[in-house]
Amino acid sequence: MTRSAQRIDVHQHIVPTFYRDALTEAGIAEAGGRPLPDWSAASALELMNLLDIRAAVLSVSTPGTGFLTDPAEAIALAQRLNDHCATLSADHPGRFGFFASLPMPEATASVTEAMRALDDLGADGVTLLANNGGTYLGADGQGPLWRALDERGAVVFVHPAELPAPPVEGIPPFAADFLLDTTRAAYLLVRNGIVRQYPRIRFILSHAGGFVPYSSHRMAVAIANDTERSPLDVLDDFRSFYFDTALSSSPAALPTLLAFAHPGHVLFGSDWPFAPTPAGQYFANGLDTFLPPGPLKAISQTNAETLFPRLASGTPAPALFRPVSTRLRHAAQRAAARFFFKLVQPGTD
């Protein structure tokens, strides 16, 4: 990436100390099969400088607030998380935005918090887990939330959660189950007409949409048979989603995503810090290696600027003010990551 085309990361997570403490108190030490990572604003900015990320839209990963059984406690935690993110955004103008956390599956409380976060705190959108305790997005009873989000033309970041079923030994949920979870939510959002009934909502599907691009025609035929709709209309609904590239810009997945998604609907994502820095470098190199300059800049920057106009004029990353030693270290890290990426690509024999 060049300094004139710095990335906007729509899939970067935050793990504040008070949130980690709440998870620990509930006996939760991991998310999706990964240990809870360390996080600080300083370490986030360090990663962003390394990957040429100008701005990041922060979100809270699974389990969100859904691990709390008391609705009042879940509401209070969502409010605290959103207040914290708003302060962080204000303290680092142009570097951090945020997707608000909502106390799902409490739909009424989620409407109230969504309105507060979007109208009063300046949130860039909201995060919704694909399922909350087994209740998927697109299920009955969520109409008031969709109406509130549609009225505001909100961006909804759909992030996977653990499947409402026992995990399979030897398969960490983040590796495969998360992809199915996102796909299930996308299927219901299309099958139950949510994306058509609320067309002003812009949905971003994590991790290139899970299996959506790969299995879109198969799912469209199933939905068309079930609903008597045209398969082409169903496919168009699936293509209306936005997709981030977190852990997905490989030479196997990226061509399928680009062949399927509407132009302008693919966005850069790192999944840091749950995806460690080497993973972020690996998949960022996938974009840099396989895309020509125009599509690379669109995915890395300009597509996100269309969704988040306030980030379009954000303060550039202070690359010129970093110490020489830091710049040299980052250059060496980038060179090593590029070499490793090329080394592990499959041959053509």
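That block above? That's the structure.
Only a predicted model underlies this, so the values are computations on that prediction, with no experimental measurement involved. (Residues numbered from 1 in each chain as written. Predicted model: local features only at pLDDT ≥ 70, side-chain atom pairs only at ≥ 80, totals over all residues. Heavy atoms only, no water.)

## A closer look at the packing of helix H8 (residues 212-227) against helix H9 (residues 231-239)
Definition in use: In this analysis, axes come from line fits to C-alpha atoms, helices being fitted only over the stretch in contact, and the angle between any two N-to-C directions falls in the range 0 to 180 degrees. Here a strand is any run of E in DSSP of at least two residues, a helix any run of H or I of at least four, and the numbering for each starts at the N terminus. An angle below 35 degrees is treated as roughly parallel, one above 145 as roughly antiparallel, one from 65 to 115 as roughly perpendicular, and anything else as oblique. Helix crossings fall into two classes, left-handed where the near helix is turned counterclockwise from the far one by less than a right angle and right-handed where it is turned clockwise. Whether two residues are in contact is decided by their heavy atoms: any pair within 4.5 Å suffices. Gly is put with the polar residues, along with every residue not named as nonpolar or charged; the nonpolar set is Ala, Val, Leu, Ile, Met, Phe, Trp, Tyr, Cys and Pro, and the charged set is Asp, Glu, Lys and Arg.
At a closest axis distance of 8 Å, the pairing of H8 and H9 adopts a crossing angle of 140 degrees. It follows that H8 is oblique to H9 by the angle criterion. When the axes of H8 and H9 are compared, the crossing they make is right-handed. Residues Val212, Ser216, His217, Met219, Ala220, Ile223 and Ala224 of H8 form the contact with H9, whose own contacting residues are Pro231, Val234, Leu235 and Phe238. The residue inventory of the contact of H8 with H9, partitioned by class, reads 9 nonpolar, 2 polar and no charged.

## Points about the pairing of strand E5 (residues 96-101)
Heads up, the rule is: Three labels apply to residues, based on accessible area from a 1.4 Å probe with only protein chains included: buried if under 20% of the type maximum, exposed if over 50%, partly exposed otherwise in between. The rule for pairing is simple: two strands pair if DSSP sees at least two bridges between them.
Of all 6 residues in E5, 6 are buried, a share of seventy percent or more. Judged from the 3 bridges that link them, strand E4 (residues 53-59) and E5 form a sheet pairing that is parallel. Paired with leucine 58 across the two strands is phenylalanine 98, which belongs to E5. With 3 bridges joining them, E5 and strand E6 (residues 125-129) adopt parallel strand pairing. Across the sheet, the residue bridging to phenylalanine 99 is glycine 125, located in E6.

No statement about biological role is implied by the geometric values presented.
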